[in-house]
Amino acid sequence: MSVSYAQLQQESPGIFTEACPSRTVLDHVMSKWGVLVLLSLTDGTRRWGELRRSVDGISEKMLATTLRTLAADGIVERTSYPEVPPRVEYSLTPRGVELMERVMPLMSWIQVNADDIVRR
């Protein structure tokens, strides 16, 4: 392991405490729907319907809320085109790409180990 929890706390006292902004970011990024939306966007720009189909089980309301939150956090970019019918596309921002470069190894680990963990 390259960095320990103690090292993080030493570098940033108070990190991950209840009042720390890190908790908010963790909630937004690692929530059930947040991480699945971000995973879908690692494949490139997607429209609303594509996201809805790729994130199995998400409701329209939850997709809208998740995208709004991730866009406000500067992780997802929402681009609206003045066309009829309206076209809106979502993509990862540079910060979102950087985030997912770090999250994807965790997702790969989960992919390899999920069946064994759930069987226990």
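Residues numbered from 1 in each chain as written. Predicted model: local features only at pLDDT ≥ 70, side-chain atom pairs only at ≥ 80, totals over all residues. Heavy atoms only, no water.

Caption draft 1: How the structure looks around the nonpolar core. Of all hydrophobic cores here, the largest spans 20 residues; its most connected members are Val37, Leu38, Leu41, Leu51, Leu67, Val76 and Tyr90. Mapped onto this core, the elements with two or more residues apiece are α3 (32-41), α5 (60-72), β3 (87-92) and α6 (94-119). It is α3 that provides the largest number of residues to this core, a total of five residues. Residues within four places of leucine 67 in sequence aside, it is in contact with Val37, Trp48, Leu51, Val76 and Tyr90. (Core = buried A, V, L, I, M, F, W, Y, C linked by side-chain atoms within 4.5 Å. Buried < 20%, exposed > 50% of the residue type's maximum accessible area, 1.4 Å probe, protein only. Helix = DSSP H or I, 4+ residues; strand = E, 2+ residues; numbered from the N terminus. Contact = heavy atoms within 4.5 Å.)

Caption draft 2: Looking closely at the pattern of salt bridges. Taken as a whole, this structure holds six salt bridges when the rule is applied. Put simply, arginine 46 and aspartate 43 hold a salt bridge, and the shortest N to O gap is 3.4 Å. For aspartate 43, a relative accessible area of 63% translates into the label exposed. In this structure, the salt-bridge partner of glutamate 60 is arginine 52, at a minimum N-O distance of 3.2 Å. The exposure class assigned to glutamate 60 is partly exposed, which follows from its relative accessible area of 49%. With a relative accessible area of 32%, arginine 52 lands in the partly exposed category. One network of salt bridges, in which partners are shared, links Glu83, Arg87 and Glu89. (Salt bridge = Lys/Arg side-chain N within 4 Å of Asp/Glu carboxyl O.)

Caption draft 3: How the structure looks around unusual backbone geometry. With omega at -5°, the peptide bond leading from valine 84 into proline 85 counts as cis. Along the polypeptide, proline 85 turns up in the loop between β2 (76-81) and β3. Positioned with a positive phi, phenylalanine 16 is a non-glycine residue whose angle comes to about 70°. Among the structural elements, phenylalanine 16 can be located in the loop between α1 (5-11) and α2 (21-30).

Caption draft 4: Region of the structure containing the UniProt feature "domain: HTH hxlR-type" (unreviewed entry) in the chain. Per the UniProt annotation, the sites labelled "domain: HTH hxlR-type" (unreviewed entry) are residues 20-118. Structurally, residues 20-118 is divided into 66% helix and 14% strand, and its ends, taken at the C-alpha atoms, are 32 Å apart. (UniProt positions renumbered as here; feature names shortened; annotations may be inferred.)

Caption draft 5: Looking closely at the sheet that holds β3. Spatially, the three strands line up as an open sheet ordered β1-β3-β2, and their pairing is antiparallel. On the outer flanks of this sheet lie β1 (46-47) and β2, each paired with one strand and no other. Pairing of β2 with β3 involves six bridges; the strand directions are antiparallel. The partner of valine 76 across the bridge, within β3, is leucine 92. (Pairing = 2+ DSSP bridges.)

Caption draft 6: Spatial organisation of the packing of α3 against α5. Viewed as axis vectors pointing N to C, α3 and α5 meet at an angle of 75°, and their least axial separation amounts to 10 Å. For the element pair α3 / α5, the angle class is roughly perpendicular. In this structure, α3 uses Trp33, Gly34, Val37 and Leu38 to contact α5, whose residues at the interface are Met62, Leu63, Thr66, Leu67 and Leu70. Taken together, the residues of the contact of α3 with α5 sort by class into seven nonpolar, two polar and no charged. (Axes fitted to C-alpha atoms, helices over the stretch in contact; angles between N-to-C directions. Parallel < 35°, antiparallel > 145°, perpendicular 65-115°, else oblique. Nonpolar A, V, L, I, M, F, W, Y, C, P; charged D, E, K, R; others polar.)

Caption draft 7: Region of the structure containing the packing of aromatic side chains. For the structure on display, the rule yields one aromatic pair. The ring of tyrosine 81 carries arginine 87 above its face, with NZ or CZ at 3.8 Å from the centroid. (Phe/Tyr/Trp six-rings, centres within 6.5 Å; stacked < 30°, edge-to-face > 60°. Lys NZ or Arg CZ within 6 Å of the ring centre and 35° of its normal.)

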